[in-house]
Each structure stands twice: as C-alpha cells, then as structure tokens.
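Overview (structure and organization)
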Amino acid sequence: MSEGEMTRLKEEVEEKKKLISTLRNKPWRMRRRLECLKDAQQFVEKFEGALGKGKGRKLYAFKVMMTKKWIKFNRDFENFKTACIPWERKIKEVESHFGSSVASYFLFLRWMYGMNLVLFGFVFGLVVIPEVLMGLPYGSIPRKTVPRDEQAKAMDFSVLFEFGGYCKYSFLFYGYYNNQRTIGLLQFRLPLSYLLVGVGSFGYSLMVVIRTMAKNSNEGGDGAEEGDFTFAWKMFTSWDYLIGNSETADNKFASITTSFKESIVDEQENQKDENIHLRRFLRVLANLLILCSLGGSGYLIYYVVKRSQTYANMDEDELSWFEKNEVEFVMSLLGLVCPPLFETIAELEEYHPRIALKWQLGRIFALFLGNLYTFLFALFDEVNAKLEREETIKNATIWAMKEHYSNFSELNNSTAITPLSINPADVMRGPCWETAVGIEFMKLTVSDIQVTYLTILFGDFLRALAVRFLNYCWCWDLEAGFPSYAEFDISGNVLGLIFNQGMIWMGAFYAPGLVGLNVLRLLTSMYFQCWAVMTCNVPHERVFKASKSNNFYMGLLLLILFLSMLPVVYTIMTLPPSFDCGPFSGKQKMYDVIIETIDKDLPAFLGTLFTYAANPGLIIPAVLLMVLAIYYLNSVSKAYKHANNELRKKMQMQRDEEKNRRNNKDSTNQVMKDLEDLLPKKSPISASAKENTANIQPLSELGDKPSKVSQKPGAVATGRGVNLQRDVSLAMANPRMAVTRPPGPRGPSALPGNTLQVPGGRGRGRGQNPRR
Amino acid sequence: MDYTNNPDVKLPLALIINMPELKENPFRNRIVESFSEDGLGNISFNDFVDMFSVLSETAPRELKAIYAFKIYDFNTDNFICKEDLEKTLNKLTREELTPEEVNLVCEKAIEEADMDGDNKLCFTDFENMISRAPDFLSTFHIRI
C-alpha cells in the first residue's frame, strides 16, 4: 500500500474508533446503533491488523476496569458520607410541609449541633479527661472537697439543681482543676491546656463560621442568573426522578407545590402598587414604638439587676425563690413577650415578608444584646465584690499559717516544721469568683432551656389541643379565627439559638461542663421541635423563600462570637485568678502560664523569638499591612462585581434585540432608536423595500420554520436600507443560537423568486426583495 | 429464548410503569412512550436499555436534553406549547394550583425561555434553557 493510502486508512480507522466511543451519546434507536457499532468494529478489526497496531489491548482493558472500580468506590463513599448525616429525613419532611424558611432553622440547628460537638470534644478530651484520670481525686485537696459547713445539704436536690453542693465542687466548674504544672505519667500540662482550649474554641468557632459564610455567599453568587429561568427550571428540573417511595413522592409533590406558590408570591410582590407617604409615616411610627419598648426593657433589666445586688447582701434563707432568681426570670420573660410585640407593631410597616423577617430579627437582636450586656455588668459587679472578699480571706489564711508555724516551733523547739494537716473539708476557702461566674451561666442556660420547652409545650401544643377539641363546643370557629393554630416562629427561634450559643461561648471558660450541657440541649431540642412543628404548627400563610437569609444568620452569629469573646479575653488579661481554686491559682494573671511554658519547656531561642515578636514596633506595621490588604481586596472584588454586571447587561441587551428582531418590532433600546433617528433617510429603496418585505413576510415565515438559524428577513423590520447593514453586524455577534449550519447561501437563493439585492447585504439572508 | 438476535418481544406500557423505579414518577407514561418505537409505549428490550442508558448518571447533558424535550412534549409536535406546559405543571403539583396560578406559571415559563417569540418552546429554546440549569443532571437520573 502506498503512503497516501496508509494515512487515509489510518484516518478512517481513527474516525471509526471515535464513532464507537461516542456511539452511546447519539440519540438513535438501539437497533440502528447496534448495526452501526457492528460495522465500525468490523472495519477497525480488519484494518488495524494491517496497520500493525492492536497490541496493548489487554493493558487498556485493565486500565478501564480499574477506573470503573475507582469511580464505583468514590460513589459508594459519597453515599456513605451522605447516609451519616443525621436527621436528613426529618428535615426533608419538615421542608416538604413547611417550605424552605422553616427548614432553614432546623438546618441551622443541625449545623450548631455539629460545631458544639467538636467544641465538646476539645474540652472533654483535653481538659476534663486528663484532670479526672490523671489528676488528684475528689476529696484530696481543699478545692476539690465540699466545705464542712455545706456538707449537710450537699446532696439535696434543690441545692444540686442550683449547681451548689457536689455539683459545685466537681469537674463541671473551673474551681475543681488543680494548678499543678504537669500531671500524670505523660507530664500533661493541664493549666496550659486549659488556657489554650479556652482560647482555641473561639478560634475554631470563628474559623467554622467564616468558612460557612464564604460557602453560602459562593452558592448565592449567581443571583441574576438564577432569576433568568426561575419558572422554567422549576417546571423541568424540580421533580427528582430517583424517588421511588410513595411517601417521599407525596412529600415531594407538596414541596414542589409550595415552591411554586413561593415563586408566584415573589412574582406578585414585584407587581404591587404602593402608596408611599402613608407607608413611610406608618413605618416611622412603628420604629418609634419599638424604640420605646427596647428602652423600656433595658431599664427594667437595669432596675432588676440593681435590686439583685441589694438582695445579694441579705441573708440567703430570707429570700423567696422568685427573689433569688429574679434576674433570670425577668430576662426570660422579656425574651418571651417582646418578640410577638415587635411582630404586631411590624404589621404597620407592610414590608415584603423576607424584609420584614430581617427587621424582626434585627430588633430582637437589639433586645437580646441589651439583655446580655446588662447581665454581664451585673456579673462584673459581683466578681469585683468577690475579689475584695478574697483579699481578706487570703490575708486571714496566711495569718493562720504563720500562727501555726510559730506555735509549732515554740512547742517543739525544732526548725523542721511539718505542714499543717487539716482535713481538706475544714480549710478556710476563698470565694472563687470564677466558679461563681460559671454557676451563673449554667443557671442562665438551664432557665433558658426551661423557658423554651415550656413555651413550646404551652404556647403551641396546648393551644393546638384547645383549638382542636374546644372547637366542637365553641361559638366561633377556633381554627379559622382567633386563636387558631400557631405558626412556627422562625425569627424568635433562630435568635434564641444564636444567643444561647453566645452564652455558651462566654461561659465555657469558667464552666467546662457547659458545653456538654449545650450538646445535650441541642440534641433534645432537635427531636422535640421537629415533633412539635409537625404536630402543632401550620404552614405560614404567606410563603416565601429564605435563600439568602442563611448568611444573615451567620453574620449575626459572627457578631455574637466577637461580643462574647470580649469579656473572656478581658478577664484573662486583666483580672487576677483566685488564689486557691482553678488551674491558674497562685499566678498574678492567667496568661502567665504561657510565659512560664515558654521559659521552662521551650528551647531558649524560641523565648527570645517571642519577645521580639511581641515588640510593638513589629506588631503595628503588621496590623497596618493587614488593613492595607483588606482595602486592596475589597476594591478588587468591587471591580469584579462591576465587570460582572456589565457583562450581564450586555447579554440581556443582545437577547432582547434578538427577540425584538424576530418579532419584527422596533428596537426597544433607546440608544439604538436615537442612532436611527440621526441617520439620513434613504427614501426610494427603503420605500419599496418596506412594501416588498411586508409582502414576502408570510412566505418567508412558512419557509423558515424548520431552520431557526435566522434566514428570516427580520432585519428589514426597520424598513430602511442602510439599517440592514447595521443589523447584519448585530446578527453576526449573536452567539446564542445553536448554529447548526454555516452561514447559508446568500439570501436570494434561499427564497423563491428573489432577484434584487440590497447593496452591501451579506451573510444570512439579507435583502429579501424578491418581487420585481 | 435467544435475545441477541433481535426477537420481536415487546412489553406493554402498563407493565413497565409499575416498575419500582418508575412507579412514583408523574411522567412515567410519557417516558415510556417516548422511548418506544410505536409511540404507544410498547417497548422492546433494546428500547428498554436505551431508556435506562439515557436516564443513567453517565449520559451526557445533550443527550438527556434531547430526550427530556421529547418527554415533556405531550402532543408530540416537536414543540413544547402552552398546553404541554399546563399538563406538566398539573402532573407536578397534582392539580393543587388554581387555574390562575397555572396560567401565570406557564406564561412566565414561556416568557423566560422562548427566544424566537412564537409563544412555544422549540428544541433550541429548551436546550438553551436547560443547559444552564444547575440541577438538571442530578434530577433527570434514574438509578437501576
């Protein structure tokens, strides 16, 4: 065979091979495909041998098999990971009945649960377990033992419930931990670990929140694109063909219907008319009312806190339960009463539901923030009082020690002094302010849990029962009018969750057991609230999407994280630790542990390195650099957004132009219209062109149906000769139509009887003036 | 029975749509009809394989788009007109939307996807629209 024939044959074989590999993707009937395949395979076999190839087939088959196995393994692993996600079915059920906004609360809850689980792992594994396993046991040293005078009541349930008694002197609170520098065989540095875990949990939470925020903003980035085909996509891609279970199918039908209704509401909102002035006035009024109520609640808390300080100075047994827990009670009450109040006032404002939700969230946020910080100030007063008491007790202890030594040396006349051996329960104790703070946070969390569950039970469940059963014997329809079934309060619940997390972050440093309590709380919350929502709530009357709110919640969470980090960092840096309890006892400041570690455990040069790094001369330029970097990145991202918008506008404009040209309408683009007006009119040709094109319109319509690639005389819609030329260039630029054939033969040949050509017309079917 | 030499065995529609994979699908009738040679839903083994090959995970987007177009074209006139859309919507929502809502949705869908202004979707319109849909590939998929 000659060279030319060889190459040609090679090409043909390659072509056939390509055909074989793409055969599956052709929309032919199976029979045709099988025939084609058989032919191609025979051809390749016959001629490949002639070309001397055909080796390595076994290796190729082996590779293909391994790739298939790898793909299958990956798919199985993905399935496994997805199956491990908890509560997926529960959330899907809630979603299909109540829409995406309610389900977003449960998704948020699940995410929080995951984060708290990790935090719990840190605290438990690195602080609690080492102390419990390798540290001194209960009762061996004073800080771990219940004092003698409290021992009588230490096991009482009421005392335990207040986190006194045995609870107070257990690993749940800061005071239990010993300040030995290293413990156990492994020389585990507990104080260092305690400090690092405390700071590290903030760091971890920060990282997780920001990562989730970034992911959410990426997903929602194609906002405008998403709006292009909403309804079309909903229609053709919402049904999941994988569904095979009839219950799932029911849920899916429900969710699709809800989703359509959501989009219809969105659509209609865009078309509503407005009466601006009345609306503005009402909105100002509403905001005034809400400011008043916020101010009122702030003052109430301040008043109650002041009263509790006077109570603190009175004897404990004279106070009733209500008076002892007044602060928590009032805070929970405010958190219960104000949100519905805000919602009723907000009805004056008549915002779109999504925006109204944001306002509501913002207001409740302000309320809770005020509450939290007032509570903190109260605590600070208490801490300062305790610190003062501590001074006196410390002096008293030192004095007692000195006395013992002097007595001892007097009595025995020796200088070898044995240390005082008192039963740990009898030793005089300092007030240990950190444990007190930890107890306060624990109590607050517990009361928060109680309030939430009781609200659900009474507000939702009993109400639903009452409405359902009293309806039979009541004068008006309870289900349709007042009170009817409750709707799920998304904003209240989400903010409750966020603030609860804030309290956990604040309190976890002083009470390591708090994180465990929170994990339990979130777990039970999930099941309880899922049950409550499905049993007692009805879907919202106005259904709307909550897609972008996810980042809003995350933003709030980030803010709370910063706000709760502040008190903890402040106390670590400024307040002196208690002298006889906790892992930092005996030190001047809590962070001295780090300095101690650097001095003793790390090599010398690292110590000098840290001293250099802590130099303000180095830190200030670093901070400046970071500020500059942020500024630069910000302006770059703004530029990208701008460019994106420009491109989008361009695409939209082209689309509109195409559409209008097809419909033979005038260009709706004002700029084009103005340009057209500026051009000189070309009378004779344009007039006849207009007539003739009007006549051939129906003919060409019929003729052009099968080929959507424009051969239509759409451009002559403007009716002016010169414009045809310009429209040519416009048409050339359009990339959107699937160009299934090359630019056709010049217009004249495509249409019957066409002879006249407009000067300069090229390309796709220009200048259709067939009549002569 | 030797199935490799193209025996003339066809299964009726009623049998195929009771398969567990297709049982809950609102479009099962249309799916089977569009893969059958006679258009009535009697499919041979080859057509059956074809159907699940197109609906499988590895089929390319263009192929799926072609067959999706065929499935949603209820009156088989090579266009998705308003009646087709109405039927699709009613099957999707089990007729729980009011007629005004159905009308609104169908009109909006046509307005969004129709490029050439003839008030119905031809294949290019449909393909243009569906190729940008982010979850088309994941929903138009049956695992067997």
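Residues numbered from 1 in each chain as written. Chains lettered and ligands numbered in written order. Predicted model: local features only at pLDDT ≥ 70, side-chain atom pairs only at ≥ 80, totals over all residues. Heavy atoms only, no water.

**Topic: the overall build of chain B**
Helix and strand content of chain B: eight helices and zero strands. Ordered by position from the N terminus, the helices and strands of chain B form the series α-α-α-α-α-α-α-α. Classification of the 144 residues of chain B by burial places 51% in the buried group. Within chain B, residue pairs in contact and separated by at least 24 positions form 54% of the contacts whose partners lie at least 6 positions apart. With an accessible surface of roughly 6,500 Å², chain B has 51% of that area assigned to carbon and sulfur atoms. (Helix = DSSP H or I, 4+ residues; strand = E, 2+ residues; numbered from the N terminus. Buried < 20%, exposed > 50% of the residue type's maximum accessible area, 1.4 Å probe, protein only. Contact = heavy atoms within 4.5 Å. Areas by Shrake-Rupley, 256 points an atom, 1.4 Å probe, with all protein chains shown as cover.)

**Brief notes about the overall build of chain A**
Within chain A one finds 26 helices and two strands. The burial tally for chain A puts 40% of its 772 residues in the buried class. When contacts within chain A are restricted to residue pairs at least 6 apart in sequence, long-range pairs at least 24 apart make up 75% of them. Split by element, the accessible area of chain A, about 44,400 Å² in all, is 63% carbon and sulfur.

**What about the packing of aromatic side chains?**
Going through the model one piece at a time under the given rule, you end up with 39 aromatic pairs over all chains. A centroid spacing of 4.7 Å and a plane angle of 10° characterise the contact between Phe-35 of chain B and Tyr-67 of chain B, whose relative ring orientation is stacked. In this pair, Phe-35 of chain B sits in helix H2 (residues 28–35) while Tyr-67 of chain B sits in helix H4 (residues 61–72), placing the two residues 32 residues apart along the sequence. Accessibility expressed as a relative area gives 1% for Phe-35 of chain B, which makes it buried. Ring pairs connect the aromatic residues Phe-236 and Tyr-241 of chain A together with Phe-27, Phe-69, Tyr-72, Phe-123, Phe-126, Phe-136 and Phe-140 of chain B, which therefore count as one cluster. Above the ring of Phe-74 of chain B, the side-chain terminus of Arg-30 of chain B is found at 5.9 Å from the ring centroid. Directly above the aromatic system of Phe-79 of chain B lies the positively charged group of Lys-120 of chain B, at a separation of 4.4 Å from the ring centroid. (Phe/Tyr/Trp six-rings, centres within 6.5 Å; stacked < 30°, edge-to-face > 60°. Lys NZ or Arg CZ within 6 Å of the ring centre and 35° of its normal.)

**Observations regarding the packing of helix H10 (residues 230–237) of chain A against helix H6 (residues 99–113) of chain B**
Helix-helix packing is described using two parameters, namely the angle between the two axes and the distance between the axes. Direction vectors running N to C along H10 of chain A and H6 of chain B enclose 110°, while the axes themselves pass 7 Å from each other. As far as their axial angle goes, H6 of chain B and H10 of chain A are roughly perpendicular. Touching Thr-230, Phe-231, Ala-232 and Met-235 of chain A of H10 of chain A are Val-105, Cys-106, Lys-108, Ala-109 and Glu-112 of chain B, all from H6 of chain B. By residue class, the composition of the contact of H10 of chain A with H6 of chain B is six nonpolar, one polar and two charged. (Axes fitted to C-alpha atoms, helices over the stretch in contact; angles between N-to-C directions. Parallel < 35°, antiparallel > 145°, perpendicular 65-115°, else oblique. Nonpolar A, V, L, I, M, F, W, Y, C, P; charged D, E, K, R; others polar.)

**Overview of the pattern of salt bridges**
Residues and elements named next belong to chain A. Under the defined criterion, the tally for this structure stands at eleven salt bridges over all chains. Taking the shortest distance from any N to any O, the salt bridge between Asp-448 and Arg-521 comes out at 3.4 Å. Highlighted residues: Asp-448 in helix H16 (residues 433–470) and Arg-521 in helix H18 (residues 513–536), separated in sequence by 73 residues. Looking at Asp-448, the relative accessible area reads 23%, which means it is partly exposed. Assessed through its relative accessible area of 7%, Arg-521 is described here as buried. In this structure, the salt-bridge partner of Glu-646 is Lys-649, at a minimum N-O distance of 3.7 Å. On the criterion of helical spacing, the pair formed by Glu-646 and Lys-649 is a turn pair, its members being three residues apart in helix H22 (residues 616–662). If you follow the salt bridges from partner to partner, you end up with Lys-587, Glu-596 and Lys-600 in one network. (Salt bridge = Lys/Arg side-chain N within 4 Å of Asp/Glu carboxyl O.)

**Some words on the packing of H10 of chain A against helix H5 (residues 82–93) of chain B**
Between H10 of chain A and H5 of chain B, the least distance of the axes is 9 Å, while the angle of their chain directions is 60°. In the packing of H10 of chain A onto H5 of chain B, the handedness of the crossing is left-handed. Taking contact as the criterion, the partners of Lys-234, Met-235 and Phe-236 of chain A in H10 of chain A are, on H5 of chain B, Leu-85, Thr-88, Leu-89 and Leu-92 of chain B. Here the contact of H10 of chain A with H5 of chain B is composed, by residue class, of five nonpolar, one polar and one charged. (Left-handed = near helix turned anticlockwise from the far one by under 90°.)

**Let's talk about the state of the cysteines**
Residue and element names in this part refer to chain A. According to the stated counting rule, one finds one disulfide over all chains in the structure shown. The disulfide partner of Cys-432 is Cys-581, and the gap between their sulfur atoms is 1.8 Å. Taking the torsion about the S-S bond as the criterion, the Cys-432 to Cys-581 disulfide, at about 100°, is right-handed. Separated by 149 residues along the polypeptide, Cys-432 in the loop between helix H15 (353–412) and H16 and Cys-581 in the loop between helix H19 (549–573) and helix H20 (592–600) bring together distant segments of the chain. Here the two residues Cys-432 and Cys-581 agree in accessibility, since each one is buried. (Disulfide = S-S within 2.5 Å.)

**Observations concerning the interface of chain A and chain B**
Across the contact, 46 residues belong to chain A and 67 residues belong to chain B. Here chain A meets chain B over a buried area of about 5,200 Å², counting both sides, of which 61% is carbon and sulfur. Area buried by chain A at its contact with chain B is led by Met-235, Phe-236 and Tyr-241 of chain A, which between them contribute 18% of it. Remark: the boundary between chain A and chain B carries two salt bridges. (Buried area = accessible area lost by both parts, 1.4 Å probe.)

**Re the environment of Cys-36 of chain A**
All names here are of chain A. Note that Cys-36 resides in helix H2 (residues 30–50). The sequence separation of Cys-36 and Lys-16 amounts to 20 residues, and the corresponding C-alpha distance is 9.8 Å. Discounting chain neighbours no more than four positions away, the residues touching Cys-36 are Leu-19, Leu-23 and Trp-28.

**Details of a nonpolar patch on the surface**
All names here are of chain A. On the surface, Leu-454, Leu-457, Phe-458, Leu-462, Leu-465, Phe-469, Tyr-472 and Trp-531 cluster together into a nonpolar patch covering about 830 Å² of accessible area. Ranked by the residues each element gives to the nonpolar patch, the list is headed by H16, at six residues. Considering the arrangement of structural elements, one finds Leu-454 in helix H16. (Patch = residues over 30% accessible without salt bridge, like charges linked within 9 Å, V, L, I, M, F, W, Y side chains within 5 Å.)

**Things to note about the nonpolar core**
In terms of nonpolar packing, the biggest core is built from 100 residues, with Phe-106, Phe-108, Leu-495 and Phe-509 of chain A touching the most fellow members. It is H15 of chain A that contributes the most residues to this core, 13 residues altogether. Look past the residues within four positions of Phe-509 of chain A in its chain and what remains in contact with it is Tyr-174, Tyr-194, Leu-195, Gly-198, Val-568, Ile-572, Phe-584 and Met-590 of chain A. Ranked by size, the runner-up nonpolar core spans 56 residues in total, among them Leu-22, Phe-69, Ala-109 and Ala-113 of chain B. (Core = buried A, V, L, I, M, F, W, Y, C linked by side-chain atoms within 4.5 Å.)

**Examining the UniProt feature "transmembrane region" (unreviewed entry) in chain A**
The sites that UniProt annotates as "transmembrane region" (unreviewed entry) are residues 119–138, 159–177, 192–210, 284–305, 360–380, 503–524, 552–573 and 609–633 of chain A. Regarding residues 192–210 of chain A, the helix share stands at 100% and the strand share at 0%, and the terminal C-alpha atoms are separated by 27 Å. (UniProt positions renumbered as here; feature names shortened; annotations may be inferred.)

**Examining the side chain of Lys-386 of chain A**
All names here are of chain A. One can find Lys-386 in helix H15. With a relative accessible area of 18%, Lys-386 lands in the buried category. Aside from chain neighbours lying at most four places away, what touches Lys-386 is Pro-431, Trp-433 and Ala-436.

**Quick word on a negative patch on the surface**
Residues and elements named next belong to chain A. A cluster of like negative charges, contributed by Glu-343, Glu-347, Glu-487 and Asp-489, occupies part of the molecular surface. Structurally, Glu-343 can be placed in helix H14 (residues 326–346). Its relative accessible area of 40% is what places Glu-343 among the partly exposed residues. (Lys, Arg positive; Asp, Glu negative; His and termini not counted. Charge placed at Lys NZ, Arg CZ, Asp CG, Glu CD.)

**Details of the environment of Lys-108 of chain B**
Here Lys-108 of chain B is to be found in helix H6. Excluding residues that lie within four positions of it along the chain, Lys-108 of chain B makes contacts with Phe-231 and Glu-267 of chain A.

**Let's talk about the side chain of Lys-64 of chain B**
Residue and element names in this part refer to chain B. You can see Lys-64 is positioned in helix H4. Residue class for Lys-64 comes out buried when judged on its relative accessible area of 0%. When residues no more than four places from it in sequence are discounted, the contact partners of Lys-64 are Val-54, Leu-55, Ser-56, Ala-59, Phe-136, Leu-137, Phe-140 and His-141.

**Let's talk about unusual backbone geometry**
Apart from glycine, the bulk of residues carry a negative phi angle, and the bulk of peptide bonds sit in the trans form. In the Ramachandran plot, Gln-187 of chain A falls in the positive-phi region, its phi being about 55° despite a non-glycine side chain. Along the polypeptide, Gln-187 of chain A turns up in the loop between helix H7 (165–168) and helix H8 (190–219). Non-glycine residue Glu-95 of chain B carries a positive phi angle of around 60°. The topology assignment puts Glu-95 of chain B in the loop between H5 and H6.

**What to know about the confidence of the model for chain A**
Residue and element names in this part refer to chain A. For chain A, mean pLDDT is 76; residues scoring 70 or higher make up 77% of the total. Within the model, the stretch residues 220–225 combines pLDDT values under 50 with four contacts to residues more than four positions away or in other chains. Segment residues 746–772: pLDDT under 50, and 58 contacts once partners within four positions in sequence are set aside and those in other chains are kept. (pLDDT = per-residue confidence, 0-100.)

**Let's talk about the confidence of the model for chain B**
Confidence in the prediction of chain B, expressed as mean pLDDT, is 85, and 94% of residues score 70 or more. Overall fold confidence for the complex sits at a pTM of 0.65, while the interface term, ipTM, reaches 0.89.

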